[in-house]
Amino acid sequence: MRSSLLAALCGATLSHAISTIEAVGNKFFTSDGDQFFIKGVAYQLTENDPLVDTEQCTRDASLMKKLGANTIRIYHVDADADHDGCMSAFADAGIYAMVDMDTFSTYILPNDPWWNQSQFDAYSKVLDTFQQYDNLLGLFVGNEIIAINNQSLAAPFIKASCRDLKAYRDSKGYRKIPIGYSATDIAELRPWLQDYLTCGGNSSENIDFYGLNSYQWCDPTDYQTSGYANLQDQAKNFPVPIFFSETGCIKPGPRLFDDQASIFGPEMVNDWSGAIIYEWIEEANEYGLISYGPQADPTATGENIVGGFTRAGTPTPVSPDFDNLSNQWATLTPTGVARSDYDTGIVSTRACPTSTASGWLVNGNVAIPSLGETLTGSYSSVPSATATSASPSPSETQNSVSGSKEIAGMGAGLVGVMMVFTFWF
């Protein structure tokens, strides 16, 4: 009994060894009252859940701490797995987790969207699994669901998923874990998508944060030339935290990460909450900050080898990217504003956008779909667009990594999954 009590006490200590984070206005704050800025890396070693190998997580967390990271983003998790070891390893390193709740078989489809009980059950199971961890920063209901400018009719379904999962979170008595969305950077849909997901005046339906996957800043460039000045204009006094949920253009290279000085500097720091760099592991797309060994033949097979790259082991920094990012982050330490001094009245409530000729098709503050409704079926509250949809032309995403292909070599497989999922109910 004594050992059980000791274990319980140790567990309690570990679970509260790191401050929790909440979204207030357009800022993240720790439970200690300090503003929190994301310095993150995308962490997905294979298509499988990376938070189940405690030894690997411990090795990676140690090097991430040296890098200066305080956040990881995970795209795919197994809600039935044991994550205690990995979440503890990252918490010990002062690192928070942002977790995508969808999977290749449950995400909201862009062209024929629906939001049903099976999706809700899968998403809420991820919430149930991870809510116990104090270093869970937030949860995504989707990643780049709307990938081209004529898919915006999926937006009400994104909002519906947020509404239902926030209601479930609150009904279970969980802390106010932020729930939000990660968007493709599409010039023709900015700022309408981010405004729509936060409009209407009903916080129970709106996202708690907005992540932008943007690869506009390609070194060497600057704040004006890159397009970041435009992003800042559209984020001024945004009603919820906004941050880069993916960034890190590699062309022409090398990556200098000069964008971090703008994000955490006077130009953007009052409105942006940081950035997540794509990505931790080196693979065929060459975005990696570390490698686990020399590249192998793409057809090679063996333990922890996928697509010609080793997916586990001792992480070794990729030069010069790792050091360039580490050096940037070391000099960028904004303090922000204390929670006690923060006035949420400075943020602006967004008006619900009307449809546009450039491709935004949701006309105003339409009713949000109920659980079980589909765009082509029972959901009829979206009015016909008042303008003709433009042909897809994501002019400012030419440097982007496709959000549907976070893992190298998965594009063809994903297409197959989507074709099967079209007939799934």
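The structure this text deals with has already been given above.
### Quick look at the nonpolar core
With 96 residues, the main nonpolar core has Y43, L51, I72, Y181, Y210 and W280 as its most contacted residues. Those residues in contact with L51 that sit more than four places away from it in its chain are Y43, C57, I72, I74, D82, H83, C86, M87, F90 and F130. With 13 residues, the next largest nonpolar core counts I38, Y96, F140 and F243 among its residues.

### Examining the sheet that holds strand β7 (residues 136-143)
The eight strands are arranged β4-β5-β6-β7-β8-β9-β10-β11 in a closed barrel whose pairing can be described as parallel. In this sheet, adjacent strand axes meet at a mean angle of 25 degrees when their direction is disregarded. Of the strands in this sheet, β7 and β8 (179-184) are in contact with helix α5 (residues 155-171), which crosses β8 at around 160 degrees.

### What about the environment of S124?
Structurally, S124 is set in helix α4 (residues 117-130). Considering only alpha carbons, one finds S124 and D102, 22 residues apart in sequence, at a separation of 10.0 Å. Discounting residues that sit within four places of it in the chain, S124 has contacts with L165 and Y168.

### Here's the deal with the packing of aromatic side chains
Taken as a whole and assessed by the stated rule, the structure comprises 19 aromatic pairs. Centre to centre, the rings of F140 and F209 are 5.3 Å apart; their planes meet at 90 degrees, and the pair counts as edge-to-face. With a gap of 69 residues between them, F140 in strand β7 and F209 in the loop between α6 (192-196) and β9 (210-213) connect regions that are remote in the sequence. The exposure class assigned to F209 is buried, which follows from its relative accessible area of 0%. Ring geometry for Y196 versus W360: centroids 5.7 Å apart, planes at 55 degrees, classification tilted. Taken together, the residues Y196 in helix α6 and W360 in the loop between α10 (321-331) and α11 (411-421) connect sequence positions 164 residues apart. Here Y196 and W360 have matching classes, each one buried. Its end group placed over the ring of F140, R73 keeps NZ or CZ at 4.2 Å from the ring centre.

### Considerations on the sheet that holds strand β2 (residues 27-30)
Sheet architecture is open: three strands sit in the order β1-β2-β3, paired in antiparallel fashion. One side of each edge strand has no neighbouring strand; the edge strands of this open sheet are β1 (21-24) and β3 (35-36). Note: β2 against β3, two bridges, orientation antiparallel. Looking at the pairing, F29 lines up with Q35 of β3.

### Description of the packing of helix α2 (residues 54-67) against helix α3 (residues 84-92)
The interhelical angle for the contact between α2 and α3, taken along N-to-C directions, is 15 degrees, at an axis separation of 8 Å. It follows from the interaxial angle that α2 and α3 lie roughly parallel. Crossing of α2 against α3: the hand is right-handed. Where α2 approaches α3, its residues T54, C57, T58, A61, M64 and K65 are matched on the opposing element by G85, C86, A89, F90 and D92. Here the contact of α2 with α3 is built from residues that sort into six nonpolar, three polar and two charged.

Conventions we followed
Residues numbered from 1 in each chain as written. Predicted model: local features only at pLDDT ≥ 70, side-chain atom pairs only at ≥ 80, totals over all residues. Heavy atoms only, no water. Core = buried A, V, L, I, M, F, W, Y, C linked by side-chain atoms within 4.5 Å. Buried < 20%, exposed > 50% of the residue type's maximum accessible area, 1.4 Å probe, protein only. Contact = heavy atoms within 4.5 Å. Pairing = 2+ DSSP bridges. Helix = DSSP H or I, 4+ residues; strand = E, 2+ residues; numbered from the N terminus. Axes fitted to C-alpha atoms, helices over the stretch in contact; angles between N-to-C directions. Phe/Tyr/Trp six-rings, centres within 6.5 Å; stacked < 30°, edge-to-face > 60°. Lys NZ or Arg CZ within 6 Å of the ring centre and 35° of its normal. Parallel < 35°, antiparallel > 145°, perpendicular 65-115°, else oblique. Left-handed = near helix turned anticlockwise from the far one by under 90°. Nonpolar A, V, L, I, M, F, W, Y, C, P; charged D, E, K, R; others polar.

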